[in-house]
Amino acid sequence: MTFEFLIASAIGVLVAGGIYLALRARTFQVVLGLTLISYAVNLFLFASGRLMLESHDKPRTRRSANTPIPCRRRWC
Amino acid sequence: MASAMTLLTLVALPFLAALGIALCHGAARIVHSAIAAAASAAGLALIASLAVPALSGTPPSATWQWVPALGLDLTLMVDPLGWMFALLILGIGLLVVIFAHTYLYKGEDTGRFFASLMLFQGAMLGIVIAGNVLLLLVFWELTSLASFLLIGFWQHKAEARAGARMALAITGGGGLALIGGMVLLGVAAGSFDLATILTRGDIVRASPLYPAILGLILLGCFTKSAQFPFHFWLPHAMAAPTPVSAYLHSATMVKAGVFLLARLWPVLAGTEAYTLIVTTTGLVTMIFGAGVALFRHDLKSILAYSTISQLGMLVMLLGFSLEAAALAAVLHIINHAAFKAALFMSAGIVEHETGTRDIRRLGGLAKAMPVTALIATLAAASMAGLPPLGGFISKELMLYQTPKLALLGQPWLLPALATIGATLSVGYSLRLAGHLFFGPPREAEPFARAHDPTPAMWAAPALLTGLAVLLGLVPMGLAAPLVGAVTGAVTGTAPPQVELALWHGVNLALILSLLAVAGGAVLLWRHAGLLAAWERAALPDAKRMFERTLGLLDTSVRRLMVASHTPSLQNMLLASFTVTTLLVIEGALTGGGVLTGTRALLPANFPAIIAWVLLIAATLAVVLEARNRLRVLIYISVIGLIISLAFAVLSAPDLALTQISVEVVTVLLMLLALNLLPKRPPLLSSPPRKACDAALALAGGVLVGGIAWAMLTRDPGPSIAAFHLANAKPGGGGTNVVNVILVDFRAYDTLGEIIVLGIAGLGIFALLDTAAVGAAGARLRAWRAEMAYSPERHPMMLVTASRIILPLTLMVGIFLFLRGHNQPGGGFIAALVVAAAFLVQYLAAGFDWSDARKPFGEHNLIGWGVLVAMATGLGAMALGSPFLTSWFDYFSLPLIVKFELASAMLFDTGVFLTVLGAVMLALAQLAHIGQRAARATADVGADAGADAGADAEGGDGR
């Protein structure tokens, strides 16, 4: 088991659930589906900077090194 | 540079005049016409001052860069061709303004009229002195739009509206084709500069793009110049006021197509295809227009079809690709402008003074209005090509050229057909003058009213007719130098020697001309019989065909839209998901390569696996329990929590903080929305549909997961992260790179985003605020809570806890905000935390209690936030740096250690305020509407009137 597998499979599961719910004929379900899909999209965008575990021995500036810019647009 | 300013002023004057007229819209008619006349006269003076340089062979030109990346420059150039057209546009424009001043009836909107007229004049002027083909296109489109306004000036008349629409559809449609043609032309010639293109004719004609260029540009020219079969818009454009017709159809609008043909003559002309298409189109149009004109009864309709015919002749002459024919065309352009404008104005006078334009009701007007009769008869004689008038000379030149071109291999064909066209022209010209002014009056009433107008009204047509006469009497003195220079500009060679005279000796042209005059006289003599025969023949009506085509297009497009764009979101989503999935599958199958890359992977620890299992289980629960709405919110918050944890573990503390605060706000939002939704919705989808959706969802999930896996197991490409890391501290003054990116590197982005967020908040407010009225309000009032409310609406424990939490949460928010520049936090996150703190109060203590104690208005927060952020950016500009450059420095105070002040902090304050305002506004509104609905329900039995009052009050109070 690797982090990469966990993240990739989580994205897949979220997308699958999101698509299924978005295809329902009820507003609330569609909203739920879109929420799941947006979780997946955020994870995907985040992961596109590749994964890196928090390491305390490095200087603090390294903390955010892996944060890709688009992630903060989660509101749109 | 002096000439550059002259050129710019020349083209800007009409537009400024249009603006000026529009600004003093309410003023008297004389103000409007005086501005228009002054602008036209000033333009004339300018163009006159350019006469020597323009005609001497070194055309004045000037270039300003506009969009250099597209090759679009603001190039203005006055060569002889452009000069002649500019002279016609401004000269006839001035006369039309004078004529229109007296022509327009009392109470008409003269401000709109003259403003549109000047707009049109400016656009036309732009076409003829544009030195860049893209610029020319801009003005070309502008003439279509301005002519739409002019033709539809009498908005209350259905035929004016229909005529304007038809003109716009045809000329605008042709304009689209022209855009394509011009862009291809620029590509083939390697430049969009007109002077350069004109020297590269050989390259363009040899280019494989030439047929497309030719076809598209000709389509643009033919539609604009009303060539068969696009002629039909022109007669319907006669619904315009007569001064407009006089302007558009003598010297300007319809001449634009002819102008462009002449302009691009050195590039396009000379090939077999060009000669065949252009000559044939012109010839057919000439004969067709003349034939129809013979049998029309409306004066303006006769003139409209005669214009079509005359334009056909011009196009035909340009199609010959011969210098001498181009010369004849140039001369005829001047002649036609003079006599046609005079004739249109005369028709306007006749209508103005008799009340009708129907030639069958008029007659013998020479007795009642002798001045008008003299003017119009001379102009019509010039149109017929009778000596000693200008029209005779150009018609002679035309007939003289016809045998030089063997159409379809038959040298006699063209002279014969051209003579038929000329005969018909003589016929309709003679009929126009003869039936209108001579013989007995056909009806008593219009004749009794008829009288000559004031000199102010006949001065303009008289001047033009005088010009038409002089062009015949002294052609060498008046026209020859100009025609020679212009012909040189058309052909792109040295100006030819011009010999213009009435008498050339007996030659073929004279014989053909005599034949035409004799034939025309016979046509007039036998007109009654011919007319009866014409009216017996059922002829196709172009207008009806146009409308039928439009209707057919309309219905088929509608059908296509309904078929392709179903109103069901479900089906649309299904289609887009399916197509996307298939595309990804296709890419995966054909792309080659392996799924798993070679990057070293991070081994997962046990807690991570537990979290993963939880996430999968929560997702499944959301899907399976979606109908149990309250419970599903808990599942979804589990997912959000785990994702926040993932961000935290995987080195993105900022993201984790944002995620968790957004999570709280989202769940609150959903709770509020749920209040209004049924708690257990009915089942809608059938099992097969569900199975199909599930299969698609599974495929989509596998594919996206696969893509993520493939990406994660490969090394990333070059990243800009290093730049941000290196510059965050020295450039932005902060050690939290994410925050520095938000408030400094990409502050412009953030500014745009908070504005969007603010607008979204206001949009939600507007939508929900209006939901209380109308149908939505009625539905809301009919709403009944499904679940029984707890007898204790605001549980004491919750209220007390939330009030203790409030200051603590606020403190956390302030802490996050202050440290944001250097450590995880910042304005966005702080705003969400603070918003959550307030929203909890709404939940616990109720909307009214919290709202009454709230010290701020959300609208103000949004507004101030955007203003503060903008002011920070502008402050940098005031200090001489680019917009949104941040400033920072370090200070030390006694007792408190060294600290940093940065302008980014101020910007972040703007972000904080806007986000707080938008989130509060959206959520409070949603809470409020539930409250309002609940209140309405409670009040419904008691008093409906008070209920409405309370609603209105609630709305105002916000």
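Residues numbered from 1 in each chain as written. Chains lettered and ligands numbered in written order. Predicted model: local features only at pLDDT ≥ 70, side-chain atom pairs only at ≥ 80, totals over all residues. Heavy atoms only, no water.

For chain A, the count of helices and strands is 2 helices and 0 strands. When the accessible area of chain A is evaluated, it comes to approximately 2900 Å², of which 63% is carbon and sulfur surface. (Helix = DSSP H or I, 4+ residues; strand = E, 2+ residues; numbered from the N terminus. Areas by Shrake-Rupley, 256 points an atom, 1.4 Å probe, with all protein chains shown as cover.)

Moving on, we come to the overall build of chain B. Across its full length, chain B holds 43 helices and 4 strands. Within chain B, the proportion of its 958 residues that are buried is 52%. Long-range contacts, defined as pairs at least 24 residues apart, comprise 78% of the intrachain contacts of chain B with a sequence gap of at least 6. In the structure as shown, chain B presents an accessible area of about 40300 Å², 72% of it carried by carbon and sulfur atoms. (Buried < 20%, exposed > 50% of the residue type's maximum accessible area, 1.4 Å probe, protein only. Contact = heavy atoms within 4.5 Å.)

Across the contact, 87 residues belong to chain B and 59 residues belong to chain A. Roughly 6700 Å² of surface becomes buried between chain B and chain A when both sides are summed, with 74% attributable to carbon and sulfur atoms. Among the residues of chain B in contact with chain A, Leu602, Leu650 and Leu712 of chain B are the three that bury the most area, contributing 10% of the side total. At the junction of chain B with chain A, the criterion picks out 1 salt bridge. In this structure, the salt-bridge partner of Arg24 of chain A is Asp693 of chain B, at a minimum N-O distance of 2.3 Å. The dominant element in the side of chain B that touches chain A, judged by the number of residues it contributes, is helix H33 (residues 687–712) of chain B, at 15 residues. When its residues are assigned to classes, the side of chain B that touches chain A shows 59 nonpolar, 16 polar and 12 charged. (Buried area = accessible area lost by both parts, 1.4 Å probe. Salt bridge = Lys/Arg side-chain N within 4 Å of Asp/Glu carboxyl O. Nonpolar A, V, L, I, M, F, W, Y, C, P; charged D, E, K, R; others polar.)

Attention now moves to a nonpolar patch on the surface. All names here are of chain B. A grouping of Leu467, Leu470, Leu473, Val474 and Leu478 is seen on the molecular surface, where their side chains present a nonpolar patch of about 400 Å² in accessible area. Among the elements that make up the nonpolar patch, the one with the highest residue count is helix H23 (residues 455–473) (3 residues). Within the secondary structure, Leu467 sits in helix H23. Given the relative accessible area of 33%, Leu467 is considered partly exposed. (Patch = residues over 30% accessible without salt bridge, like charges linked within 9 Å, V, L, I, M, F, W, Y side chains within 5 Å.)

In this structure, Met182, Ile217 and Trp233 of chain B are the most contacted members of the largest nonpolar core, which totals 195 residues. The element that contributes the greatest number of residues to this core is helix H17 (residues 323–354) of chain B, accounting for 20 residues. Excluding its chain neighbours within four sequence positions, the residues that come into contact with Trp233 of chain B are Met166, Ala167, Ile170, Thr171, Thr223, Lys224, Ala226, His249, Met253 and Val254 of chain B. One finds Ile11, Tyr20, Ala22 and Ile37 of chain A within the second-largest nonpolar core, a separate group that totals 54 residues. (Core = buried A, V, L, I, M, F, W, Y, C linked by side-chain atoms within 4.5 Å.)

This part is about the confidence of the model for chain A. Chain-level pLDDT for chain A is 76 on average; 70% of the residues reach the 70-or-more range. Residue range residues 56–76 of chain A is modelled with pLDDT below 50. Its contacts to residues more than four positions away, or to other chains, number 54 contacts. (pLDDT = per-residue confidence, 0-100.)

Mapping Asn739 of chain B onto the fold places it in helix H35 (residues 737–745). Look past the residues within four positions of Asn739 of chain B in its chain and what remains in contact with it is Gly820, His821, Gly825, Gly826 and Asp908 of chain B.

For the coordinates displayed, the defined rule picks out 14 aromatic pairs over all chains. Seen from their ring centres, Phe46 of chain A and Phe647 of chain B are 4.8 Å apart, and the 70° between their planes marks the pair as edge-to-face. Residue Phe46 of chain A is located in helix H2 (residues 27–47), and its partner Phe647 of chain B is located in helix H31 (residues 629–649); the two belong to separate chains. Among the aromatic residues, ring-to-ring pairing joins Phe5 of chain A together with Trp612 and Trp709 of chain B into one connected group. Sitting above the plane of the Tyr20 of chain A ring, Arg24 of chain A keeps its charged end 4.3 Å from the centroid. In this structure, Arg526 of chain B is placed above the aromatic ring of Trp525 of chain B, and the distance from its NZ or CZ to the ring centre is 4.3 Å. (Phe/Tyr/Trp six-rings, centres within 6.5 Å; stacked < 30°, edge-to-face > 60°. Lys NZ or Arg CZ within 6 Å of the ring centre and 35° of its normal.)

Let us now look at the pattern of salt bridges. For the coordinates displayed, the defined rule picks out 14 salt bridges over all chains. Residues Asp79 of chain B and Arg263 of chain B are paired through a salt bridge, measuring 2.3 Å at the closest nitrogen-oxygen approach. Here Arg263 of chain B lies in helix H13 (residues 253–263) and Asp79 of chain B lies in the loop between strand S2 (72–77) and helix H4 (80–103), a separation of 184 residues in the sequence. Three or more residues are tied together by salt bridges with common partners; here these are Arg24 of chain A together with Arg689 and Asp693 of chain B.

All names here are of chain B. If you check helix H38 (residues 796–819), its first and last C-alpha atoms are 35 Å apart, about what 24 residues at 1.5 Å a residue would give, namely 34 Å. When the local axis directions of H38 are compared, the greatest deviation, roughly 30°, occurs at Leu806, which is followed within four positions by the proline Pro807. What H38 keeps buried is the set Val799, Ser802, Thr809, Gly813, Leu816 and Phe817. (Expected span 1.5 Å × (residues − 1). Bend = angle between axes of the 7 residues up to and from the residue.)

Residues and elements named next belong to chain B. With respect to the secondary-structure elements, Gly122 resides in helix H5 (residues 110–129). Exposure remark for Gly122: the relative accessible area of 0% places this residue in the buried category. Taking the C-alpha atoms as reference points, Gly122 and Ala12, 110 residues apart in sequence, are found 7.1 Å from one another. Each residue touching Gly122, except ones within four places of it in the same chain, is listed here: Val11, Pro14, Phe15 and Phe139.

Once that is clear, we can look at helix H1 (residues 3–22) of chain A. For H1 of chain A, built from 20 residues, the straight-helix expectation of 28 Å at 1.5 Å per residue is met to within 8% by its first-to-last C-alpha distance of 28 Å. The element H1 of chain A is largely enclosed, with a buried count of 18 among its 20 residues.

Attention now moves to the confidence of the model for chain B. Do not read the fine detail of predicted coordinates wherever pLDDT is low. This prediction gives chain B a mean pLDDT of 85; 93% of its residues lie at or above 70. The ipTM, which scores confidence in the relative placement of chains, is 0.80 for this predicted complex, and the corresponding pTM is 0.67.

Next up on the list: the pairing of strand S1 (residues 61–67) of chain B. Residue and element names in this part refer to chain B. Two strands pair when backbone bridges link them, and S1 and S2 are joined in this way by 6 bridges, in the antiparallel orientation. Paired with Val67 across the two strands is Leu72, which belongs to S2. Linking S1 to S2, which pair antiparallel, is a turn of 4 residues; within it Gly71 sits at a positive phi near 80°. (Pairing = 2+ DSSP bridges.)

Take the packing of helix H6 (residues 133–151) of chain B against helix H7 (residues 158–189) of chain B next. Their axes nearest at 8 Å, the elements H6 of chain B and H7 of chain B cross at an angle of 175°. With respect to H7 of chain B, the element H6 of chain B is oriented roughly antiparallel. (Axes fitted to C-alpha atoms, helices over the stretch in contact; angles between N-to-C directions. Parallel < 35°, antiparallel > 145°, perpendicular 65-115°, else oblique.)

Turning next to the environment of Gly752 of chain B. Residues and elements named next belong to chain B. On the secondary structure map, Gly752 appears in helix H36 (residues 747–770). By relative accessible area, which is 31% here, Gly752 ends up partly exposed. Sequence separation between Gly752 and Val866 is 114 residues; the distance between their C-alpha atoms is 9.4 Å.

Negative phi is the rule for most residues except glycine; trans is the rule for most peptide bonds. Residue and element names in this part refer to chain B. Phe228 connects to Pro229 through a cis peptide bond whose omega is 5°. Considering the arrangement of structural elements, one finds Pro229 in the loop between helix H10 (210–224) and helix H11 (233–236). With an omega of 5°, the peptide bond between Pro387 and Pro388 qualifies as cis. In this structure, Pro388 sits in the loop between helix H19 (370–384) and helix H20 (390–401).

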